[in-house]
There are 2 protein chains.
Amino acid sequence: MNVITISREFGSGGRELGKRLADYLNYDYYDSEIISMLAEKCGMDDGYIENVLGKNGLKEYNFTFRNTIRSAVYSQKVKVNLLVRQKKVIEGIAALGRNCVIVGRNADVILEESKPFSIFVCADTETKLMRCRERASADEKLTDRQIIRSMKQIDGARKEYRELVTGSAWGERSAYNLTINTTGWNIKELIPATAEFAHSRFRRER
Amino acid sequence: MNVITISREFGSGGRELGKRLADYLNYDYYDSEIISMLAEKCGMDDGYIENVLGKNGLKEYNFTFRNTIRSAVYSQKVKVNLLVRQKKVIEGIAALGRNCVIVGRNADVILEESKPFSIFVCADTETKLMRCRERASADEKLTDRQIIRSMKQIDGARKEYRELVTGSAWGERSAYNLTINTTGWNIKELIPATAEFAHSRFRRER
């Protein structure tokens, strides 16, 4: 079984790279699928889970009269519980024994024993902004400043989850096999070379 | 003209990767050749230049009775002068208009207008230590601690030169097209995939 994992900065095109790579290699692909599997397992709604594991990471920002410390602590427990269950879902995917690409959720560390080929995808701020603007629906009129704040918040949460789950720093070059900067590329142009890297890796592991 | 630049952590195998890549692609290769060209230009000895631009970066560590602040300032001037001349040597290489691989010396930034394909090479400490031990001659009996100190010093100097020349951080993922972690690979296994990345890049630039 060959596992490729993708970690990424928000807006860098990591998800598209993962999807295209899976199509190119004819591998299974997991991204939001993991949330759906988790939702089904917990009898919860996809949207609720995405919201809980969303961009605020483990922090609670809104200590208001109605959102007391007690409710914040409860909310932390829910998050940690969901992270544990998410880990099990990812282990279940690996147990299927099929070649796959998994985007996000620290799958590289969770599946360390399967020796995944781990990729980190980044881009410069302008590239990420452009991608976010393209993806935004017509009624989402965010300013660049708002998008950048949102990007930072989401990447911050990813960093925090990674440190919680793995102890290793998010985006740190030595934590991944390959770091791809998508600035100045169309994602699809990167696929054959990325696949070649993965192939070299899997040849070596056998 | 296609230019590939390699920046690297000391001991990560960046130089070997650059050399093998140049051979594979039939490109010209520049590494210590730059020092020789610079030495010839300045009427100086290769060893002297390597020493001046060596692992202490721009810092002067030895403020002793004989090595006063004044001599330190003079030594800084010599270094900066050599860096300026080195930049000209690198520009001269590009002016030849031939495909080439250049290792180190911030060639990616100096030759920015030639749109080089820029690679950063890293590895974990154990891998780098192993490589340094293999390379060391029989009469160099350094302890691991000494090697690690030396690695840090050399990487520190590279970081410092980069910041001086470019203002951008050394090893920062968004400053390179591709960051390759050589941990767990034989360098030669990485060459076809790396070449494929470079090809995709150069196809795009045309």
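Refer to the structure printed above.
All values reported here derive from a predicted model rather than from experimental measurement.

Reading the values: the criteria
Residues numbered from 1 in each chain as written. Chains lettered and ligands numbered in written order. Predicted model: local features only at pLDDT ≥ 70, side-chain atom pairs only at ≥ 80, totals over all residues. Heavy atoms only, no water. Helix = DSSP H or I, 4+ residues; strand = E, 2+ residues; numbered from the N terminus. Contact = heavy atoms within 4.5 Å. Axes fitted to C-alpha atoms, helices over the stretch in contact; angles between N-to-C directions. Parallel < 35°, antiparallel > 145°, perpendicular 65-115°, else oblique. Nonpolar A, V, L, I, M, F, W, Y, C, P; charged D, E, K, R; others polar. Least-squares fit on C-alpha atoms with pLDDT ≥ 70 in both. Salt bridge = Lys/Arg side-chain N within 4 Å of Asp/Glu carboxyl O. Buried < 20%, exposed > 50% of the residue type's maximum accessible area, 1.4 Å probe, protein only. Pairing = 2+ DSSP bridges.

Participant: Please explain the environment of Lys115 of chain A as it appears in this structure.
Facilitator: Residues and elements named next belong to chain A. Mapping Lys115 onto the fold places it in the loop between α5 (107-110) and β4 (117-122). Taking the C-alpha atoms as reference points, Lys115 and Tyr48, 67 residues apart in sequence, are found 32 Å from one another. Those residues in contact with Lys115 that sit more than four places away from it in its chain are Phe202 and Glu205.

Participant: Quick question: what am I supposed to make of the packing of helix α6 (residues 125-135) of chain A against helix α7 (residues 144-166) of chain A here?
Facilitator: A pair of packed helices can be characterised by two numbers: the angle between their axes and the separation between those axes. Residues and elements named next belong to chain A. Running from N to C, α6 and α7 point in directions that differ by 105 degrees, and their axes come no closer than 10 Å. On the basis of the axis angle, α6 is roughly perpendicular to α7. In this structure, α6 contributes Thr125, Lys128, Leu129, Cys132 and Arg133 to the contact, and α7 contributes Asp144, Ile147, Ile148, Met151 and Asp155. Within the contact of α6 with α7, the residues separate by chemical class into 5 nonpolar, 1 polar and 4 charged.

Participant: Help me understand the relation of the copies chain A and chain B, please; the structure alone is not making it clear to me.
Facilitator: One chain copy maps onto the other through a rotation about an axis and a shift parallel to that axis. Superposition record for chain A on chain B: RMSD 0.0 Å, screw rotation 180 degrees, translation along axis 0.0 Å. Given the turn and translation reported, the copies of this chain are related as if by a two-fold rotation axis. Nearest to the rotation axis, the C-alpha of Thr179 of chain A is located 2.4 Å from it, this being the minimum over chain A. Of the interface residues in chain A, 100% have counterparts in chain B that sit at the interface too, so the contact is made through matching surfaces.

Participant: Would you mind going over the pattern of salt bridges with me for this structure?
Facilitator: Once the charged atoms of two side chains with opposite charge are near each other, the side chains can pair. On inspection of all chains with the given rule, the structure shows 30 salt bridges over all chains. When the shortest N-O distance is used, the salt bridge between Glu126 of chain B and Arg133 of chain B registers 3.8 Å. Several salt bridges share partner residues, and in doing so they unite Glu9 and Lys128 of chain A together with Arg173 of chain B into one network.

Participant: Help me understand the pairing of strand β1 (residues 3-8) of chain B, please; the structure alone is not making it clear to me.
Facilitator: Within a regular beta strand, the side chains point alternately toward one face of the sheet and then the other, so they alternate between its two faces. Residues and elements named next belong to chain B. A large share of β1 lies buried, amounting to 6 of its 6 residues. Across the two faces of β1 the burial is the same, with Val3, Thr5 and Ser7 and Ile4, Ile6 and Arg8 all buried. Direction of pairing for β1 relative to strand β3 (residues 100-103): parallel, over a ladder of 4 bridges. Residue pairing in the sheet places Ile4 in a bridge with Val101 of β3. Pairing geometry for β1 and strand β4 (residues 117-122), over 5 bridges, is parallel.

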